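# Structural characterization, general
The chain contents come next:
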Amino acid sequence: QTLAQALAPRIRVNAIGPLRVTRALLGNLHDGSRVAIVTSRMGSITDNSSGAYYGYRLSKTAVNMLGMTLARDLERRGIAVALLHPGMVATDMTGRRGVSVEHAAGGLIQRIDELDLDNTGSFWHAQGERLETVLSALARRDAVTAEAFAAEVDAVGGAGTFAALAERHLAG
């Protein structure tokens, strides 16, 4: 089995699956609707302290980008999008270590209830902690707001220049 073959099922389920579901339901979404994407902080570029788990991390990083992109695209239609990390949940994947499924689900429901256009595109732990995205990490590091950074991206040509701006801000 090639590396691509080994990674493909994770990518299909964790990244392409949420896109397909959102696209299928888009005709039913309206101003005030909410899209919640279950992800993992293991897909966070700024919060990777342990390494390993390449396929899982890759697929969750992809769905995090999907969520941010959907948030930007659906915002103009009045539809809010959240990326939600359930925490370490007691499942087969975690060896039954972590919080109960019911506890995690309750937290996710609370986060969805709190979702609106003011916090669309946010990355949240089920228990309410706001998790960091690349934009918020750059904003914190440079003492500018994520909104100011996003405005700078727009001013110099949009998302196509994001990598160059991020590199410039990280280089200091």
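Remember, predicted model here, so these are calculated numbers, not experimental data. Chains are numbered independently. Their residues run from 1 in the order of the written sequence. Where totals are concerned, whole chains, interfaces and linings use all residues; where local detail is concerned, this predicted model gives features only for residues with pLDDT of at least 70, and gives and counts side-chain atom pairs only at 80 or more. As a convention, hydrogens and water are excluded, and side-chain values are obtained from all of the structure's heavy atoms.

## Re the overall build of the protein chain
Under the scheme used here, helices are H or I runs from DSSP no shorter than 4 residues and strands are E runs no shorter than 2 residues, and both carry numbers assigned from the N terminus. Per the secondary structure count, the protein chain includes six helices and four strands. When the helices and strands of the protein chain are listed from N to C terminus, the series reads α-β-α-β-α-β-β-α-α-α. Each residue is placed in one exposure class: buried if its accessible area under a 1.4 Å probe, protein chains only, is under 20% of its type's maximum, exposed if it is over 50%, and partly exposed if it falls in between. Of all 172 residues assigned to the protein chain, the portion counted as buried reaches 37%. Residue contacts follow a heavy-atom distance rule, with two residues in contact if any of their heavy atoms lie within 4.5 Å. Counted over contacts in the protein chain with a minimum sequence separation of 6, partners at least 24 positions apart contribute 60%. Accessible surface for the protein chain amounts to roughly 10200 Å². Of this, 57% is attributable to carbon and sulfur atoms. Accessibility throughout is a Shrake-Rupley quantity obtained with a 1.4 Å probe, and a residue counts as covered only by protein chains that appear here.

## So, the environment of A104
Here A104 shows up in helix α3 (residues 101–114). Between the C-alpha atom of A104 and that of H125, which follows or precedes it by 21 residues, the distance is 9.4 Å. With residues up to four places along the chain from it excluded, the contact list for A104 reads P86, V89, V99 and A126.

## Considering the layout of surface pockets
In this analysis a 1.4 Å probe is tested at points of a 1 Å grid over the protein atoms alone, and where it fits but cannot get out there is a cavity; an open set with protein on both sides within 12 Å along at least five of seven lines is a pocket; lining residues have an atom within 4 Å of a point. Grid points are joined across faces, edges and corners, and a volume is the space filled by probe spheres set on the points. In this structure, the second largest pocket spans a volume of roughly 540 Å³. Considering the residues around the second largest pocket, the lining is formed by 19 residues, among which Y56, G87, M88, M93 and T94 are closest to the centre. The set of elements that each furnish at least two residues to the lining of the second largest pocket consists of α2 (54–75) and α3. Charged means Asp, Glu, Lys or Arg here, nonpolar means Ala, Val, Leu, Ile, Met, Phe, Trp, Tyr, Cys or Pro, and polar covers whatever is left, Gly included. A class-by-class count of the residues in the lining of the second largest pocket yields 10 nonpolar, six polar and three charged.

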